[in-house]
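Residues per chain are reported as follows:
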Amino acid sequence: GENVEQHPSTLSVQEGDSAVIKCTYSDSASNYFPWYKQELGKGPQLIIDIRSNVGEKKDQRIAVTLNKTAKHFSLHITETQPEDSAVYFCAASGGSARQLTFGSGTQLTVLP
Amino acid sequence: NAGVMQNPRHLVRRRGQEARLRCSPVKGHSHVYWYRQLPEEGLKFMVYLQKENIIDESGMPKERFSAEFPKEGPSILRIQQVVRGDSAAYFCASSPEGGDTEAFFGQGTRLTVV
């Protein structure tokens, strides 16, 4: 089955700086890669996703890149703000599996 | 997300009791997934259902756990004879028909076994 690894587990940045979170996956048949933001006591919220026919996708301060050859994808947040502080999860699905396989999460802290 | 509704939000059960967790998907979504999140960990897939059918239960413990998604009404995750190790947050997600696997999550049910 699919295995997703996520790094780093914790990340602290100064407000206004950029944050990058990286994930690798094992199943070459995976073709859908979403990112979720989870605030304390809440459910995961989809913030951006990318499909395997695209190398990069951007939505305001958030961007995701995908390298299918290397089987890794990354989340980039620019001009970070304190409200960006949360746990971020990457995930993968596709091939024979419709359900998501999640990474272990990154606790992002944006320092004012 | 106003679409996926889970209840109760918090559930306390004594060891040996039964826990029933409910999930109403986004209106029009026919695919429901249950995930479990232990403290300080990521989400682990448990079961994937469509109306009246279990499609994939490979992540579900073999004993005490069951799930259903009836023709009418919410999806139910049932845990019999709960033990302390069942304490976790249980999340339900739903996605629409078709090849799009975009999934929206509910706020979760936090189960505490005492």
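Look up a bit, the structure's there.
What comes next is a walk through the structure. Being a predicted model, the structure only gives us computed values, none of them experimental. (Residues numbered from 1 in each chain as written. Chains lettered and ligands numbered in written order. Predicted model: local features only at pLDDT ≥ 70, side-chain atom pairs only at ≥ 80, totals over all residues. Heavy atoms only, no water.)

**Things to note about the layout of surface pockets**
Unoccupied space between atoms shows up once a probe the size of one water molecule is rolled over them.
Here's step 1: Taken as a whole, the largest pocket holds about 540 Å³ of empty space.
Here's step 2: For the largest pocket, the lining is made up of 24 residues, of which Gln 38 and Val 87 of chain A together with Gln 37, Glu 40 and Glu 41 of chain B are closest to its centre.
Here's step 3: Listing elements by their share of the lining of the largest pocket, those giving two or more residues are β9 (86-94) and β11 (106-111) of chain A together with β9 (88-95) and β11 (109-113) of chain B.
Here's step 4: For the lining of the largest pocket, the class distribution of residues is 10 nonpolar, nine polar and five charged. (1 Å grid on protein atoms, 1.4 Å probe; cavity = no way out; pocket = protein on both sides within 12 Å on 5 of 7 lines; lining within 4 Å. Points joined across faces, edges and corners; volume = space filled by probe spheres on them. Helix = DSSP H or I, 4+ residues; strand = E, 2+ residues; numbered from the N terminus. Nonpolar A, V, L, I, M, F, W, Y, C, P; charged D, E, K, R; others polar.)

**Here we look at the nonpolar core**
Here's step 1: In this structure, Trp 35, Phe 73, Leu 75, Tyr 88 and Leu 108 of chain A are the most contacted members of the largest nonpolar core, which totals 24 residues.
Here's step 2: Where this core is concerned, the elements lending two or more residues are β2 (10-14), β3 (19-25), β4 (30-38), β5 (45-51), β7 (62-67), β8 (72-77), β9 and β11 of chain A.
Here's step 3: With residues near it in sequence (within four places) discarded, Leu 75 of chain A still touches Ala 19, Val 20, Ile 21, Trp 35, Ile 47, Ile 48, Ile 62, Ala 63 and Tyr 88 of chain A.
Here's step 4: Val 26, Val 47, Ala 88 and Val 113 of chain B belong to the second largest nonpolar core, which has 23 residues in total. (Core = buried A, V, L, I, M, F, W, Y, C linked by side-chain atoms within 4.5 Å. Buried < 20%, exposed > 50% of the residue type's maximum accessible area, 1.4 Å probe, protein only. Contact = heavy atoms within 4.5 Å.)

**Looking at the sheet that holds strand β1 (residues 4-7) of chain A**
Two modes of strand pairing occur in sheets, parallel and antiparallel, and in both the strands are linked by backbone hydrogen bonds.
All names here are of chain A.
Here's step 1: On the basis of which strands lie adjacent, the open sheet formed by five strands has the order β1-β3-β8-β7-β6 and antiparallel pairing. Of all the strands in the sheet, the pair left with one neighbour each is β1 and β6 (56-59). Sheet twist, expressed as the average angle between the axes of neighbouring strands with direction ignored, equals 15°.
Here's step 2: Pairing of β7 with β8 involves six bridges; the strand directions are antiparallel. (Pairing = 2+ DSSP bridges. Axes fitted to C-alpha atoms, helices over the stretch in contact; angles between N-to-C directions.)

**What to know about unusual backbone geometry**
Here's step 1: That bond from His 7 of chain A to Pro 8 of chain A is cis: its omega, -5°, falls within 30 degrees of zero.
Here's step 2: Counting through the fold element by element, Pro 8 of chain A comes out in the loop between β1 and β2.
Here's step 3: Of note, the amide linkage connecting Asn 7 of chain B to Pro 8 of chain B takes the cis form, showing an omega dihedral of -5°.
Here's step 4: Residue position: Pro 8 of chain B is located in the loop between β1 (5-7) and β2 (10-13).
Here's step 5: With phi around 55°, Gln 60 of chain A is a residue other than glycine that occupies positive phi space.
Here's step 6: Looking at the secondary structure, you find Gln 60 of chain A in the loop between β6 and β7.
Here's step 7: Residue classification places Gln 60 of chain A among the exposed residues on the basis of a relative accessible area of 70%.
Here's step 8: At Lys 71 of chain A, a position not held by glycine, the phi torsion is positive, near 60°.
Here's step 9: Note on placement: Lys 71 of chain A falls in the loop between β7 and β8.
Here's step 10: Classification of Lys 71 of chain A by relative accessible area gives partly exposed; the value is 25%.

Interpretation note: all reported values are geometric properties and have no functional meaning in isolation.
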